[in-house]
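This is what each chain is made of:
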Number of protein chains: 2
Amino acid sequence: MQAEIISIGEELLIGQTTNTNASWLAGELNAAGIRVARVTAIGDESDAIVDMLDEASQRVKVVLVTGGLGPTRDDVTKTAIGRFFETEMAINDTVLSDIALFFRARGLDLTETNRQQALVPKKAKILRNAFGTAPGLWLERKKSIFVFMPGVPHEMKSMVSTQLIPKLRKRFKGQHIMHKTILTHGIGESFLSEMLSDWENRLPPSIQLAYLPSPGVVKLRLSGRGEDKAILSREILQQVDKLQALIPQYIWGHDNQRLEELLGTLLKKKKKTLVLAESCTGGYIAHRITSIAGSSAYFKGSVVTYSNELKERLLGV
Amino acid sequence: MQAEIISIGEELLIGQTTNTNASWLAGELNAAGIRVARVTAIGDESDAIVDMLDEASQRVKVVLVTGGLGPTRDDVTKTAIGRFFETEMAINDTVLSDIALFFRARGLDLTETNRQQALVPKKAKILRNAFGTAPGLWLERKKSIFVFMPGVPHEMKSMVSTQLIPKLRKRFKGQHIMHKTILTHGIGESFLSEMLSDWENRLPPSIQLAYLPSPGVVKLRLSGRGEDKAILSREILQQVDKLQALIPQYIWGHDNQRLEELLGTLLKKKKKTLVLAESCTGGYIAHRITSIAGSSAYFKGSVVTYSNELKERLLGV
């Protein structure tokens, strides 16, 4: 099953906001067996949105849209929905009571602008918003599903995890996508690719390989799709084993592993603890180390001596 | 002048990488007076790339593409360029000597895979890569300009700043885009929009207003386009002044200002210095404060006591 993600908001087109919503959503869809074929960001313009919905639905069966559902005038996604689906709007009682509750909990009165957020397309099924006032909207046209969600990240993420993904899984069960990434260092991608050429030639057609270079680290990603999760997993892990045997000296980790995590593993294994003295890194190393769950087992703390005075008093240098 | 950005790479469609390239590039284009109408991310598939180039060129005059120019087999952008522009490939001597120099400087021999990176479309003008081996490619077809650049962020950014933007500015001079963002707190967007309704109604048609809500902060962005930079700037700043007079109690900053910057300004004004004792924040507060240039004027350092032992020894608690 293939999907497209459409992110709406002028802030994505002027460099003000990075589209973290789309990458997060793509990861969740992949985990549910749905491939994302395209991610598009467009501005808050009704015509552009209607065109985009039409285009996307000609390519894929699932179209997921975030943004432009707020109560202010620059948000026009709901207007575009009305036009594209030829549907009238009506106040939805569940949404209205959710919104009323949202404001009451904050000791605020409901204004007319807030009430308007309960005005939703008659044809839409509602995804309730646990953290804000704009509901999610599920609509279908011809053979495509369209789901519209707010652009505020924590509102969208909660809606996706608790409502969207379970619904999509039920509809498209039996689809699986798996990625496995091997982290290498100490060798450039062109040398690595020559070294791995024979292995790459013999990869089964169901498995794709990608090289992801960044300063100091080249990631190798194996991706596959299939109906049988166990077979898919076995096939990919077999290739990971082969790779491990071919280039053990360059591999230092897997998937989203980070160097600070590896450091923690090594410290625990060697039963050592760590204290830092930082200067111009200004606490950043301590921050990276403490971002690993369980780091208190080996990390004692850091003395961030940004001034000469503190360097002398605390470190004696 | 309008542009589209096309980002190529499966990693953008599976949640592995966030598209920071596109947001950065969009900001640079805006500063050069070029509006970005659409950002699209697609995978490393030759057919999808060719279709996308065709589509985009029917909508806009400038198409900027990043990614898929690497030396490994999963990178197919160059193949797609050959098909779309009906151009043959030839070894470019400048590029070849740049690549040879790149490897020689690292004490490495040039392999056949590296040499292939100097194979570029005959019709292309070259943008040299100061930090890597894949050159940028400038091609024109019918009335559209297409520029292909590597996806590795620091290689692309250097190419954009030193070569792409100067070329585009020369071509499209006399276009200006301006954004001004006002940062508010202490009031939700729906209440703010009702409070500002009269002012919003009287905004000149050349200025657009957007509300950008996030937890605790609502940003108000004023955007305008025009031929005369001075007039544009004056019109927007007049509205900023009006806004300042209307809701002074909710405004705490402008544009990309951050709370840690405001803290620094206040400390300098009051001639105070700051030392921190952090525990579970693990150095993150020190990191945020030291991320502000000039923070050494008021920030002495932080004692990050992650363990009880250090809390007792260093802080006496």
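Conventions and cut-offs
- Residues numbered from 1 in each chain as written.
- Chains lettered and ligands numbered in written order.
- Predicted model: local features only at pLDDT ≥ 70, side-chain atom pairs only at ≥ 80, totals over all residues.
- Heavy atoms only, no water.
- pLDDT = per-residue confidence, 0-100.
- Helix = DSSP H or I, 4+ residues; strand = E, 2+ residues; numbered from the N terminus.
- Least-squares fit on C-alpha atoms with pLDDT ≥ 70 in both.
- Contact = heavy atoms within 4.5 Å.
- Pairing = 2+ DSSP bridges.
- Axes fitted to C-alpha atoms, helices over the stretch in contact; angles between N-to-C directions.
- Buried area = accessible area lost by both parts, 1.4 Å probe.
- Salt bridge = Lys/Arg side-chain N within 4 Å of Asp/Glu carboxyl O.
- Nonpolar A, V, L, I, M, F, W, Y, C, P; charged D, E, K, R; others polar.
- Bend = angle between axes of the 7 residues up to and from the residue.
- Buried < 20%, exposed > 50% of the residue type's maximum accessible area, 1.4 Å probe, protein only.
- Expected span 1.5 Å × (residues − 1).
- Arc of directions from axis to C-beta.
- Polar contact = N/O pair within 3.5 Å; in protein donor to acceptor, adjacent residues only side chain to side chain.
- Phe/Tyr/Trp six-rings, centres within 6.5 Å; stacked < 30°, edge-to-face > 60°.
- Lys NZ or Arg CZ within 6 Å of the ring centre and 35° of its normal.

## Considerations on the confidence of the model for chain A
Residue and element names in this part refer to chain A.
Thought 1: With 100% of its residues at a pLDDT of 70 or more, chain A shows a mean pLDDT of 94.
Thought 2: Predicted confidence in chain A is weakest over helix α5 (residues 112-116), with a mean pLDDT of 89, and strongest over strand β3 (residues 62-66), with 98.
Thought 3: What the predictor reports for the complex is a pTM of 0.87 with an ipTM of 0.87.

## Let's talk about the relation of the copies chain A and chain B
Thought 1: Structural alignment of chain A on chain B gives an RMSD of 0.1 Å, achieved by rotating through 180° and translating 0.1 Å along the axis. Each copy turns onto its partner about a two-fold axis.
Thought 2: The overlap is high: 100% of the interface residues of chain A also sit at the interface in chain B, so the same surface is used on both sides.

## Re the sheet that holds strand β12 (residues 251-254) of chain B
Residue and element names in this part refer to chain B.
Thought 1: The four strands are arranged β10-β11-β9-β12 in an open sheet whose pairing can be described as antiparallel. The sheet is open, and its two edges are formed by β10 (207-214) and β12, each paired on a single side. Pairwise comparison of adjacent strand axes, ignoring direction, gives a mean angle of 25° for this sheet.
Thought 2: Of the pairings in the sheet, the one linking strand β9 (residues 176-185) to strand β11 (residues 217-226) comprises 10 bridges and is antiparallel in character. Across the sheet, residue Lys180 finds its bridge partner in β11, namely Leu222.
Thought 3: Across the sheet, helix α9 (residues 229-246) touches β9, β10, β11 and β12, and the angle it forms with β9 is around 10°.

## Let's talk about the interface of chain A and chain B
Thought 1: Between chain A and chain B, the residue contacts involve 80 residues of the former and 81 residues of the latter.
Thought 2: Where chain A abuts chain B, roughly 6100 Å² becomes buried across the two surfaces, and 54% of that area is made up of carbon and sulfur atoms.
Thought 3: For the pair chain A and chain B, the interface holds 10 salt bridges.
Thought 4: Broken down by element, the side of chain A that touches chain B gets its largest block of residues, eight residues, from strand β2 (residues 35-42) of chain A.
Thought 5: Taken together, the residues that form the side of chain A that touches chain B break down as 29 nonpolar, 33 polar and 18 charged.
Thought 6: Here five bridges tie β2 of chain A to strand β2 (residues 35-42) of chain B, and the two strands are oriented antiparallel to one another. The residue bridging Arg38 of chain A from the neighbouring strand is Ile42 of chain B, located in β2 of chain B.

## Regarding helix α6 (residues 153-171) of chain A
Residues and elements named next belong to chain A.
Thought 1: Where α6 bends most, at Val160, the angle is about 50°.
Thought 2: If you check which residues of α6 are buried, you get Glu155, Met156, Ser158, Met159, Val160, Gln163, Leu164, Ile165 and Leu168.
Thought 3: Contacts from the buried residues of α6 go to α1 (20-31), β3, β6 (125-127), β7 (136-141) and β8 (144-149).

## Quick word on the pairing of strand β9 (residues 176-185) of chain A
All names here are of chain A.
Thought 1: Of all 10 residues that make up β9, seven are buried, and the element is covered over most of its length.
Thought 2: In this structure, β9 lies alongside strand β12 (residues 251-254), joined through three bridges in antiparallel fashion. Its bridge partner being in β12, Thr184 is matched across the sheet by Ile251.

## Quick notes on the sheet that holds β9 of chain A
Residue and element names in this part refer to chain A.
Thought 1: A sheet is described by the order of its strands in space; here four strands give the open sequence β10-β11-β9-β12, paired in antiparallel fashion. The open sheet has two free edges, formed respectively by β10 (207-214) and β12, since each of these has just one partner strand. Ignoring strand direction, the axes of neighbouring strands in this sheet form an average angle of 25°.

## Remarks on helix α2 (residues 46-59) of chain B
Thought 1: With 14 residues, α2 of chain B extends 21 Å between its outermost C-alpha atoms, agreeing within 8% with the 20 Å of an ideal straight helix rising 1.5 Å per residue.
Thought 2: Those residues of α2 of chain B that sit buried are Ser46, Ile49, Val50, Met52, Leu53, Ala56 and Ser57 of chain B. For α2 of chain B, the angular spread of buried residues about the axis comes to 165°, placing them on one side. Those residues of α2 of chain B that are exposed and aimed more than 90 degrees away from the buried face are Asp47 and Gln58 of chain B.
Thought 3: As for α2 of chain B, its buried residues are in contact with β2 of chain A together with β1 (2-8), β2, β3 (62-66), α3 (77-85) and β8 (144-149) of chain B.

## A few points about the side chain of Thr133 of chain A
Residue and element names in this part refer to chain A.
Thought 1: Its place among the elements puts Thr133 in the loop between β6 and β7.
Thought 2: A distance of 2.3 Å separates the side chain of Thr133 from the side chain of Gln117, its partner in a polar contact.
Thought 3: Residues in contact with Thr133, not counting those within four places in the same chain, are Ile99, Phe102, Phe103, Gln117 and Glu155.

## Observations concerning the packing of aromatic side chains
Thought 1: One pass over the full model with this rule turns up 14 aromatic pairs over all chains.
Thought 2: Here Phe84 of chain B and Phe146 of chain B contribute two aromatic rings whose centre-to-centre distance is 5.4 Å and whose plane-to-plane angle is 65°, an arrangement assigned as edge-to-face. Taken together, the positions of Phe84 of chain B in helix α3 and Phe146 of chain B in strand β8 put the pair 62 residues apart, joining distant regions of the chain.
Thought 3: By relative accessible area, Phe84 of chain B is classed as buried at 6%.
Thought 4: The class of Phe146 of chain B is buried, set by a relative accessible area of 1%.
Thought 5: Relative to Phe103 of chain B, the ring of Phe102 of chain B has its centre 5.3 Å away and its plane inclined at 75°; by these criteria the two rings are edge-to-face. Across the pair, Phe103 of chain B and Phe102 of chain B agree in class, each one buried.
Thought 6: Pairwise contacts between aromatic rings join Phe84, Phe85, Phe146 and Phe148 of chain A into one cluster.
Thought 7: Between Arg141 of chain A and the ring centre of Phe84 of chain A, over which it is positioned, the NZ or CZ distance is 3.9 Å.

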